Amino acid sequence: MSYQLSDLPYAYDALAPHIGPQTLKIHHGKHHRAYVDRLNELTEGNIDSDAKLQHLLGKADGALFDQAAQVWNHSFYWQSMSPDGGGNPDGELAKALASAFGSVERFRTEFAEAAKGTFGSGWAWLVQDRDGKLRVINTSNADTPIRHDLTPLLTIDVWEHAYYLDYQNDRGAYVETFLKHVLNWSFVASNFTTAFRDMMRRPGEIFEAPGDVLDHPALSKTQRIEVLQQWRYDAVQLQVAAQENMTGGEQGAGFIEKIDQALTQLDRN
Ligand code: MN
């Protein structure tokens, strides 16, 4: 079983007039397909799932990395756009963008600058780093944030094949249109929620103690409460299990007390 080209999540003419059907037909049906075909040749069909593909991105080099990353990046790019795109983000994502960049408008400016300023072929990204901080970066050619231990939330393809038929050499017009009319904020929000939940599940790296959650700069108040409540739930489960096995659980009680203190403090602020 070899890797299958992912379907475009909308019809070829769904993003017109912003991105025309001819662009999408060639970009998805020829460029993306060619990367998939070459990946299958190079791996003799051994990559047959997204999990295996992502694993490959962490360790492959040379032509194999280039093909694998271009396969992954393009699937992510299709989802970064929507016929119902554009507008503004809301909820926790909007708050996080405002906190990281100053405002959502400022984010758009930084993202546009990264996209327009990418020399030659490449990609611009909104990513979340290991500390939960949101950042705008660009990558050259096939390079992907996954390789750099960053979680991608959004991307724009700035290879000429992504815009030449619609905008010729005017990359700026393509980037502005992407931000205004096709950017899929629901996709970004869902990646943001997943990234936040993943971060929450590795407390040892990000947070040493409940008190750290109170001061974490990348978290909103709602997220701080959510982290602490998740920890409390996990700690209670562990305590119940410990009691059932008659192995004590006294340490758990101290931890839960600290969580409750932190929650009380958040409640007062
Ligand atoms: Mn492309």
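Rules and cut-offs
Residues numbered from 1 in each chain as written. Predicted model: local features only at pLDDT ≥ 70, side-chain atom pairs only at ≥ 80, totals over all residues. Core = buried A, V, L, I, M, F, W, Y, C linked by C-beta atoms within 7 Å. Buried ≥ 20, exposed ≤ 12 C-beta atoms within 10 Å, placed from the backbone. Domains from an automatic or database assignment. Contact = placed C-beta atoms within 7 Å. Pairing = 2+ DSSP bridges. Helix = DSSP H or I, 4+ residues; strand = E, 2+ residues; numbered from the N terminus. Axes fitted to C-alpha atoms, helices over the stretch in contact; angles between N-to-C directions.

## Focus on the nonpolar core
For soluble globular proteins, nonpolar side chains are generally found buried alongside one another. Ranked by internal contacts, the top residues of the largest apolar core, which has 45 residues, are Phe 111, Ala 115, Ala 124, Trp 125, Leu 126 and Ile 156. Inspection of this core shows a minimum of three residues originating in each of domain 1 (21–198) and domain 2 (203–268). Among residues more than four places away in sequence, those in contact with Ala 115 are Ala 124, Ile 156, Val 158 and Val 175. By size, the runner-up hydrophobic cluster in this structure holds 14 residues, among which are Tyr 35, Leu 39, Leu 56 and Val 71.

## Some words on the sheet that holds strand β1 (residues 122–128)
The sheet built from 3 strands is open, its strands ordered β2-β1-β3 with antiparallel pairing. Pairing within the sheet leaves two strands with one partner each, and these edge strands are β2 (134–140) and β3 (151–157). The mean inter-strand angle of the sheet, taken between neighbouring strand axes irrespective of direction, is 25°. As paired strands, β1 and β3 are joined by 6 bridges and run antiparallel to one another. Opposite Val 127, over in β3, you have Pro 152 as the bridge partner. Docked against the sheet, helix α5 (residues 104–117) engages β1, β2 and β3, running at close to 10° with respect to β2. Along the sheet, helix α8 (residues 185–200) makes contact with β1 and β3, crossing β3 at roughly 155°.

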